[in-house]
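# Secondary and tertiary structure notes
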Number of protein chains: 4
Amino acid sequence: MDFTPKDPDFEARVRASFARQPMMETLGATMTDVRPGTVTIVSTIPPGTLQQQGSTHAGLAFSIGDSAAGYAASSLLPTGNEIVTSEMKIHLLAPGRGERLVATGRVIRPGRRLTIVEADVWSEIAGARTLIAKLMGTMVPVPLVEPTT
Amino acid sequence: MDFTPKDPDFEARVRASFARQPMMETLGATMTDVRPGTVTIVSTIPPGTLQQQGSTHAGLAFSIGDSAAGYAASSLLPTGNEIVTSEMKIHLLAPGRGERLVATGRVIRPGRRLTIVEADVWSEIAGARTLIAKLMGTMVPVPLVEPTT
Amino acid sequence: MDFTPKDPDFEARVRASFARQPMMETLGATMTDVRPGTVTIVSTIPPGTLQQQGSTHAGLAFSIGDSAAGYAASSLLPTGNEIVTSEMKIHLLAPGRGERLVATGRVIRPGRRLTIVEADVWSEIAGARTLIAKLMGTMVPVPLVEPTT
Amino acid sequence: MDFTPKDPDFEARVRASFARQPMMETLGATMTDVRPGTVTIVSTIPPGTLQQQGSTHAGLAFSIGDSAAGYAASSLLPTGNEIVTSEMKIHLLAPGRGERLVATGRVIRPGRRLTIVEADVWSEIAGARTLIAKLMGTMVPVPLVEPTT
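Residues numbered from 1 in each chain as written. Chains lettered and ligands numbered in written order. Predicted model: local features only at pLDDT ≥ 70, side-chain atom pairs only at ≥ 80, totals over all residues. Heavy atoms only, no water.

Chain A carries the name Thioesterase domain-containing protein in an unreviewed UniProt entry, which gives Maritimibacter alkaliphilus HTCC2654 as its organism.

If you want it as structure tokens, here you go:
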């Protein structure tokens, strides 16, 4: 779906918020693509994100999928707002292994009180990719809390 | 609900698997209580698990809730098996703030092919606690993959 | 949890809304208990609600569980409001068979913009009951649309 | 995705099972398209499927979406099997109004122990259609129970 952003500076706002998330650094995550209603986050799969079988922990796919979906919702908000997750469901479809995980979040239905989102998470190795997770959930806009420096 | 474990050494097996999860160390998580069908995991909320508002990232509550629920399912398996998450839904009910997060996972219905689980996640500060998340999902037993040392 | 209703006539309001739902009559459903934040709906399992194996269709447990949860949320609203479902997850735990299904919905966390709810659905036969489904979801308050008759 | 059916008579098997579901007749539902991994079910929205605001009850979109997704999973099974729903999440995106609801279910990932599915539900009026619901869930194959008549 094509969306028209309400905030012309949505990309800078979204990237600034992402940069203030320590969890994303812990997960080796960077924000690559930011478009109205669609955001992509990539994780380098640091060793500290694995589970007992050597695959990525479900929490890694969840975290970057949830953040990608949340920032997709955030990209459509007026300035002065940000997003919190209300609920999210994830299906794990295949073990997460490889060089990196790529999560793309999309807005399904934007709204003033709540925004419905989804995300796909892929693992990539040697240029080939596998769909490892799908998420669908509910994001809620809240007034932006400025960093207090 | 009361469950009878099929593996008398379930606690040692569950704790050994947990100890091999690098993600849990990254999240400052330790396994406290292990009983048949019920497991508790506590996180000290390392600074690297926060989001942009200074609360815990949704991925922290998800990760420890998912692991607590998964090990609750694992505790009821015969020896030689472990658990992977098939799907999980989380509701975030309040911001995660405080000294630590405590996740308790429980089996709702055990099964040979799939086990239905739930988890509650609490934040604690100065002895008071707040329910910050509830999870419900599906775990699937798989043959144990031995660590290859 | 104990909740204090904002509308002293919540029970009459909730029962009047239920009575205007043709779907509930189709499903042989009546509203039994109505308390602040908790509502019970019972279905007599009409033959037209079965699936191909002779058990109740997943849609029956969903419909009465969703309605019980929605009216539980509605019971806590100020007058002039009602509830629509935003999202709902159901786990089917056992086949629905017997004389009737009983769904109890409860509010987990009330809110001005959205209310988090859950429901349990039981089948009953000869006085014994089996938990057949659990639901957890999100309800949204909307202004009451008066019947136009 | 393109799937190769394991049962050359999958369409006849799926349609025969659907015909034995009294709930589908109650909901004015017919099965239109049946392809490997994709099934469409249409409801004429009988008056007995509405809720108190005159829109379709959430249970109608759930029931036909769940059945479309379940039969999509069933279409890929070997002969002698059928499907039961383990869990399903539905997002309601818009009120269901119009001449009919159309639900298309699809397999996301088939499996021997469980199949992951999704469904979209549309309302149609005067040839225009609106997406009113999205579902994602887990189906479990079970041995076919033959009708005993």
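Now that the structure has been shown, we can carry on.
## Focus on the relation of the copies chain B and chain A
Once chain B has been moved 0.0 Å along the axis and rotated by 180 degrees, it coincides with chain A to within an RMSD of 0.0 Å. Here the symmetry operator amounts to a two-fold rotation axis. Using C-alpha coordinates, one finds that chain B approaches the rotation axis most closely at Lys89(B), a distance of 2.0 Å. Comparing interface residues between copies, 100% of those in chain B also lie at the interface in chain A; the contact surface is shared. (Least-squares fit on C-alpha atoms with pLDDT ≥ 70 in both. Contact = heavy atoms within 4.5 Å.)

## Topic: the interface of chain C and chain D
Listed by partner, the interface residues are 36 residues for chain C and 36 residues for chain D. Both sides of the chain C and chain D interface together cover about 2,700 Å² of buried area, and 56% of this is carbon and sulfur. Counting the surface chain C buries against chain D, the share from its top three residues, Met23(C), Gln52(C) and His57(C), is 23%. Counting every contact that joins chain C to chain D gives 22 residue pairs in polar contact (both at pLDDT 80 or more). Of all the secondary structure elements, the ones that give two or more residues to the side of chain C that touches chain D are helix 2 (22-26), helix 3 (58-74) and strand 3 (81-92) of chain C. (Buried area = accessible area lost by both parts, 1.4 Å probe. Polar contact = N/O pair within 3.5 Å; in protein donor to acceptor, adjacent residues only side chain to side chain. Helix = DSSP H or I, 4+ residues; strand = E, 2+ residues; numbered from the N terminus.)

## Comments concerning the relation of the copies chain C and chain D
Superposing chain C onto chain D takes a rotation of 180 degrees combined with a translation of 0.0 Å along the rotation axis, leaving an RMSD of 0.0 Å. In this assembly, 100% of the residues forming the interface of chain C have copies in chain D that are likewise at the interface, indicating an isologous arrangement.

## Remarks on the side chain of Ser86(B)
Tracing the backbone shows Ser86(B) in strand 3 (residues 81-92). For Ser86(B), a relative accessible area of 5% corresponds to the buried category. Once you skip the residues sitting within four places of it in the chain, Ser86(B) turns out to touch Ile90(A), His91(A), Leu92(A), Thr138(B), Met139(B), Val140(B), Leu114(D) and Ile116(D). (Buried < 20%, exposed > 50% of the residue type's maximum accessible area, 1.4 Å probe, protein only.)

## Observations regarding the sheet that holds strand 4 (residues 100-109) of chain A
Taken in spatial order, the twelve strands make up an open sheet running 1(A)-2(A)-4(A)-5(A)-6(A)-3(A)-3(B)-6(B)-5(B)-4(B)-2(B)-1(B), and their pairing is antiparallel. Each having just a single partner strand, strand 1 (29-35) of chain A together with strand 1 (29-35) of chain B make up the two edges of the open sheet. Looking at each pair of strands side by side, their axes are set apart by 25 degrees on average, direction ignored. Direction of pairing for strand 5 (residues 115-125) of chain B relative to strand 6 (residues 128-143) of chain B: antiparallel, over a ladder of eleven bridges. Across the sheet, the residue bridging to Ile116(B) is Thr138(B), located in strand 6 of chain B. (Pairing = 2+ DSSP bridges. Axes fitted to C-alpha atoms, helices over the stretch in contact; angles between N-to-C directions.)

## Notes on the pairing of strand 6 (residues 128-143) of chain C
Residue and element names in this part refer to chain C. Summarising the sheet, strand 3 and strand 6 pair through eleven bridges and their orientation is antiparallel. Within strand 6, the position partnered with His91 by the bridge is Lys134. In sequence, strand 5 (residues 115-125) turns back onto strand 6 through a hairpin of two residues, with Ala126 there showing a positive phi of about 50 degrees.

## Considering the interface of chain B and chain A
Between chain B and chain A, the contact holds 36 residues from the first and 36 residues from the second. Taken together, the two surfaces of chain B and chain A that pack against each other cover about 2,700 Å², and 56% of this comes from carbon and sulfur. The largest per-residue losses of area from chain B upon contact with chain A belong to Met23(B), Gln52(B) and His57(B), which jointly make up 23% of the total buried on that side. Taken together, the connections running from chain B to chain A amount to zero salt bridges. The interface formed by chain B and chain A includes 22 residue pairs in polar contact (both at pLDDT 80 or more). (Salt bridge = Lys/Arg side-chain N within 4 Å of Asp/Glu carboxyl O.)

## Points about unusual backbone geometry
The backbone of Ala126(B) shows a phi angle near 50 degrees, a positive value even though the residue is not glycine. Relative to the elements of secondary structure, Ala126(B) occurs in the loop between strand 5 and strand 6.

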